[in-house]
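Descriptive analysis of the structure
Each chain, letter by letter, is given below.
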Amino acid sequence: MVDRPNKPAALATTPGLPPQAQVNITHDNSRVNAVLPSGESIEVLLYGATVTSWKDRAGNERLWLSDAAKLDGSKAVRGGIPLVFPVFGTAPDHAATSKLPQHGFARTSIWEFMGSSTSESTGKSDNSVKLDFGLSQSNLTDESKKLWPHPFSLQYSVTLTPDSLGTGMVITNQGDQPFEAQLLMHTYLRVKDITKVSVTGLEESDYVDKVDAAKTKKQSGTVTISGETDRVYTPAKGPSHPVVVSEGGAATFTVVRDNLDDVVVWNPWIEKAAGMGDFEPKDGYKNMICIEAGAVKGWQKLEAGDAFEGAQVISV
Ligand SMILES: O=P(O)(O)OC[C@H]1O[C@@H](O)[C@H](O)[C@@H](O)[C@@H]1O
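Residues numbered from 1 in each chain as written. Predicted model: local features only at pLDDT ≥ 70, side-chain atom pairs only at ≥ 80, totals over all residues.

**Description of the overall build of the protein**
The helix and strand tally for the protein stands at two helices and 20 strands. Taken against the 2.2 N^0.38 rule, which gives 20 Å for 316 residues, the C-alpha radius of gyration of the protein at 20 Å falls within 12% of a compact globule. Its C-alpha atoms put the protein at 60 × 50 × 35 Å along the principal axes. Here the protein, with 316 residues, has 38% of them falling under the buried criterion. Considering only residue pairs separated by 6 or more positions, the protein has 63% of its internal contacts joining residues 24 or more positions apart. (Helix = DSSP H or I, 4+ residues; strand = E, 2+ residues; numbered from the N terminus. Rg over C-alpha atoms; globule rule 2.2 N^0.38 Å. Buried ≥ 20, exposed ≤ 12 C-beta atoms within 10 Å, placed from the backbone. Contact = placed C-beta atoms within 7 Å.)

Quick look at the structure:
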């Protein structure tokens, strides 16, 4: 796209109409950002359809993004909301995905921006903007196509309101053979001090403890973090029961899921953070907690033409 020096600035409002969200795609077509009239904003990289920023109206960031995150498409983004599909981690025993890289290819593929829609009403808090992204087999690299040869489409929408961020995915099997897939929204939430964080909503839930030989355990009370934590919970109360992140007793994020049965809680802590080249600053583990909504225990089987839908809303 050619940049014109004296091009007219976008009108913030149309006279007579209520103010609307502004949506911009960068000149190099690498990212899309949106700002609500009340000042909240998001930014989404087309690489991975990764949400890299979610700011409140004062400009404070709500997601954690590593200072060393690669944003140039050379590596999955360390921070924000990378998308995990069609495999969570690696699955050596699942023939169809066993050769895929960790967390699949969605986070390292270049997505298409499908457009945006806004809604406004007389009530200020009803303003919202939705950004839509798509990925299908034709967008994949030859390497990914070879490793996972299924015609599919992913439709991903990111919805910003003054007090929430919603992400929703529709997976469709476009082929004539069934396939199995897993899906996860790997959200890095920003916190002030991990030692003061507690997570509720996971009580009495079974979880797989990935830092203790993948043993299955039961959560007895609130979750607190005091060392490397990597757990796959299946919350006992189901997706609509909120998982709440609090700091010093005050709720900061409330995550409600739709059709996503599992929640991964991850913090790499000192040693693992030290070992990740794209994790900076090294003590950044103090300022993040991943609360990852997904369908990752077992597989979602999609028959030819079938669709699977899953979503989360993170409220503040
Ligand atoms: O380093 P990656 O591939 O982004 O993965 C980060 C983490 O992602 C989490 O979802 C996994 O449960 C962890 O095991 C993993 O370490």
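**Here's the deal with the UniProt feature "active site" (unreviewed entry) in the protein**
With numbering aligned to this structure, UniProt lists the feature "active site" (unreviewed entry) at His186 and Glu292. Spatial clustering of the annotated residues is evident: they stretch over 107 residues in sequence, but the largest pairwise C-alpha distance comes to 4.6 Å. As for its placement among the helices and strands, histidine 186 is situated in strand β10 (residues 179-190). Excluding residues that lie within four positions of it along the chain, histidine 186 makes contacts with Ile81, Pro82, Val84, Cys290 and Glu292. Turning to its location among the elements, glutamate 292 is positioned in strand β19 (residues 288-302). A tally of 24 C-beta atoms within 10 Å means that glutamate 292 is categorised as buried. Leaving out residues up to four positions away in the same chain, glutamate 292 has contacts with Leu184, Met185, His186, Thr187, Val263, Val264 and Trp266. (UniProt positions renumbered as here; feature names shortened; annotations may be inferred.)

**A look at the UniProt feature "binding site: substrate" (unreviewed entry) in the protein**
The feature "binding site: substrate" (unreviewed entry), as given by UniProt, occupies Arg78, Gln102 and Arg107 in the numbering adopted here. Taking the farthest pair of C-alpha atoms as the criterion, the annotated set spanning 30 residues converges on one region, since that pair is 13.5 Å apart. Topologically, arginine 78 is positioned in the loop between β4 (50-55) and β5 (83-84). If sequence neighbours within four positions are ignored, arginine 78 has contacts with Ser66, Ala68, Ala69, Met276, Asp278 and Phe279. Counting through the fold element by element, arginine 107 comes out in the loop between β5 and β6 (112-119). Contacts of arginine 107, omitting those with residues within four sequence positions, involve Gly48, Thr50, Ala76, Pro82, Leu83 and Val84.

**Here's the deal with the pairing of strand β13 (residues 215-218)**
Judged from the four bridges that link them, strand β12 (residues 206-209) and β13 form a sheet pairing that is antiparallel. In the sheet register, aspartate 209 faces β13, and the bridge partner there is lysine 215. Hairpin connection of β12 to β13: five residues between the antiparallel strands, including alanine 213 at a positive phi of 55°. (Pairing = 2+ DSSP bridges.)

**Overview of the nonpolar core**
Nonpolar side chains in soluble globular proteins tend to be buried together. In this structure, Leu189, Val265, Ile289 and Ile291 are the most contacted members of the largest nonpolar core, which totals 79 residues. The greatest single-element share of this core, amounting to eight residues, is contributed by β19. Beyond its immediate sequence surroundings of up to four residues, isoleucine 289 is in contact with Leu189, Val191, Ile194, Val197, Ile225, Val245 and Asn267. (Core = buried A, V, L, I, M, F, W, Y, C linked by C-beta atoms within 7 Å.)

**Let's talk about the environment of leucine 45**
Structurally, the position occupied by leucine 45 is in strand β3 (residues 41-45). Remark: the alpha-carbon pair of leucine 45 and threonine 26, spanning 19 residues in sequence, is separated by 9.9 Å. Discounting chain neighbours no more than four positions away, the residues touching leucine 45 are Ser30, Arg31, Thr50, Thr52, Leu71 and Val77.

**Remarks on the environment of alanine 293**
Tracing the chain through its elements places alanine 293 in strand β19. What alanine 293 contacts, discounting residues up to four positions off in sequence, is Met185, Val255, Arg257, Leu260, Val263 and Gln312.

**A short note on the site of the ligand**
Surveying the vicinity of the ligand reveals the residues Ala76, Gly89, Gln102, His103, His186, Lys210, Asp230, Val264, Trp266 and Glu292. Looking at the shell around the ligand, its residues break down into three nonpolar, four polar and three charged. (Near = placed C-beta within 6 Å. Nonpolar A, V, L, I, M, F, W, Y, C, P; charged D, E, K, R; others polar.)

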